[in-house]
Amino acid sequence: MAKQPQTPLEEEVERADQDAEPQREPTEGELQDAAQAAETAEQTSADADNLESGDAEALAVKVEELEQALAEAKDQALRTAAEAQNVRRRAEQEAEKTRKFALEKFVKELLPVVDSLEKALEAMGEDATEAHREGVAMTLKMQHDVLAKFGVEVVEPEGEPFDPQYHEAMAMVPNPELEPNTVMEVMQKGYLLNGRLVRPAMVVVSKAAE
């Protein structure tokens, strides 16, 4: 026999009865599973937080190490550049010194020739011909010009204060007309090569009268 269709009112009453039926209580196992699942989720979240925190700290340490290494590399580069500049400057100075004073030995060997020409010119008597005198004088002038061209200067300090850096005192003579330690006479001229002493001037120096 076919079931009679329910009226809307009967359907509503049946639905209310179903809702009023008591719900099944969860078992102890289901409660433990739920608690374990919650605990696992919480631990996973904590592990993720710890991992992110550890990664951030490790990254910060790495960045600090890299910055320190970069600073040290820059400092080393500056030191290396400064040292290279100092080496280059010293090399240039040595090369300049070598260039300036390469002729020192040659100049020392040439000075006795100049001394001889000067003495020969001074010693010429009245019997010497004018041509002879002019020839020696011109030769001496050429020697002086060549020396001056290569940075040689004459030290002839007559009447100047005695300077032990450039003068060699051969004698000291009392002279009331001059201040003590004044060069009275130049026995042999001195010479400089680019400011460096090649040969001191041999001089006679005044001293106070006794």
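Since the structure is predicted, the reported quantities are computational estimates derived from the model, not experimental observations.

*Asks:* Quick question: what am I supposed to make of the layout of surface pockets here?
*Replies:* Sizing a probe to match a water molecule and rolling it over the atoms shows the empty space that remains. Quantified by volume, the largest pocket comes out at close to 240 Å³. Residue contributions to the lining of the largest pocket peak at four residues, all from helix α3 (residues 104-123). Taken together, the residues that form the lining of the largest pocket break down as three nonpolar, one polar and seven charged.

*Asks:* I keep staring at the sheet that holds strand β1 (residues 152-155) and nothing clicks. Help me out?
*Replies:* Strand pairing in a sheet is mediated by backbone hydrogen bonds. Such pairs are either parallel or antiparallel. One open sheet holds the three strands; their spatial order is β1-β4-β5, and the pairing between them is antiparallel. Whereas interior strands pair on both sides, the edge strands pair on one side only; in this sheet they are β1 and β5 (196-199). On average, each strand axis in the sheet is tilted by 35° relative to the strand beside it, whichever way the strands run. Bridge count for strand β4 (residues 190-193) against β5 is three bridges, and the pairing is antiparallel.

*Asks:* Is there a simple way to explain the packing of α3 against helix α4 (residues 130-149) in this structure?
*Replies:* Packed helices, taken two at a time, are described by the angle their axes make and the gap between the axes. Closest axis-to-axis distance for the α3/α4 pair is 10 Å, and the angle between their directions is 150°. Accordingly, the angle class assigned to the pair α3 and α4 is roughly antiparallel. Crossing angle aside, the handedness with which α3 passes α4 is left-handed. Contact with α3, carried on its side by V107, L110, L111, V113, V114, L117, E118 and L121, involves R133, V136, A137, T139, L140, Q143, H144 and L147 of α4 and no other residues of that element. Of the residues belonging to the contact of α3 with α4, the class tally is 11 nonpolar, three polar and two charged.

*Asks:* Explain α4 to me, please; I cannot follow it from the model alone.
*Replies:* Each turn of an α-helix holds 3.6 residues, which means side chains three or four residues apart point in the same direction. With 20 residues, α4 ought to run about 28 Å at 1.5 Å a step, and its terminal C-alpha atoms sit 28 Å apart, in line with that. Among all positions of α4, only V136, L140, Q143 and L147 are buried. Seen end-on, α4 carries its buried residues on one side only, within an arc spanning 55°. Facing away from the buried side of α4 by more than 90 degrees, the exposed set consists of E130, A131, M138, K141, M142 and K149. Two residues or fewer past α4, G151 is found with a positive phi of approximately 85°.

*Asks:* Sorry if this is basic, but what is going on with the sheet that holds strand β6 (residues 201-207) here?
*Replies:* Taken in spatial order, the three strands make up an open sheet running β2-β6-β3, and their pairing is mixed. The sheet terminates laterally at β2 (167-174) and β3 (183-188), the two strands that pair on one side only. The sheet shows a mean angle of 25° between the axes of neighbouring strands, direction not considered. Judged from the four bridges that link them, β3 and β6 form a sheet pairing that is antiparallel. Bridging from a neighbouring strand, E185 pairs with V204 of β6.

Procedures and definitions
- Numbering of residues starts from 1 in every chain and runs along the sequence as written.
- Reporting in this predicted model follows two pLDDT cut-offs: at least 70 for local features of residues, and 80 or more for side-chain atom pairs to be given and counted; totals over whole chains, interfaces and linings ignore these cut-offs and use all residues.
- Hydrogens and water molecules were not included; the side-chain quantities draw on all heavy atoms of the structure.
- Grid points spaced at 1 Å and placed over the protein atoms alone form the basis of the search, with a cavity being a set where a 1.4 Å probe fits but cannot get out and a pocket an open set showing protein on both sides within 12 Å along at least five of seven lines. Lining residues have an atom within 4 Å of a point.
- Grid points are joined across faces, edges and corners, and a volume is the space filled by probe spheres set on the points.
- By the criteria applied, helices consist of DSSP H or I runs no shorter than four residues and strands consist of E runs no shorter than two, each listed in order from the N terminus.
- Asp, Glu, Lys and Arg are counted as charged, while Ala, Val, Leu, Ile, Met, Phe, Trp, Tyr, Cys and Pro are counted as nonpolar; the rest, among them Gly, fall into the polar class.
- A pair of strands is labelled paired if DSSP reports no fewer than 2 bridges between them.
- To get an axis, fit a line to the C-alpha atoms, keeping to the stretch in contact for a helix; angles then go from 0 to 180 degrees between the N-to-C directions.
- Orientation labels follow simple angle bins: below 35 degrees gives roughly parallel, above 145 gives roughly antiparallel, 65 to 115 gives roughly perpendicular, and whatever is left gives oblique.
- Handedness of a helix crossing follows the sense of rotation of the near helix relative to the far helix, less than a right angle counterclockwise being left-handed and clockwise being right-handed.
- The contact criterion used throughout is that any non-hydrogen atoms of two residues lie within 4.5 Å.
- The length a helix should cover is 1.5 Å for every residue beyond the first.
- Exposure categories follow from relative accessible area, calculated using a 1.4 Å probe and restricted to protein chains: below 20% of the type maximum is buried, above 50% is exposed, and the middle band is partly exposed.
- What the arc measures is the spread of directions leading from the helix axis to the C-beta atoms.

Don't take any of this as a statement about function, it's just geometry.
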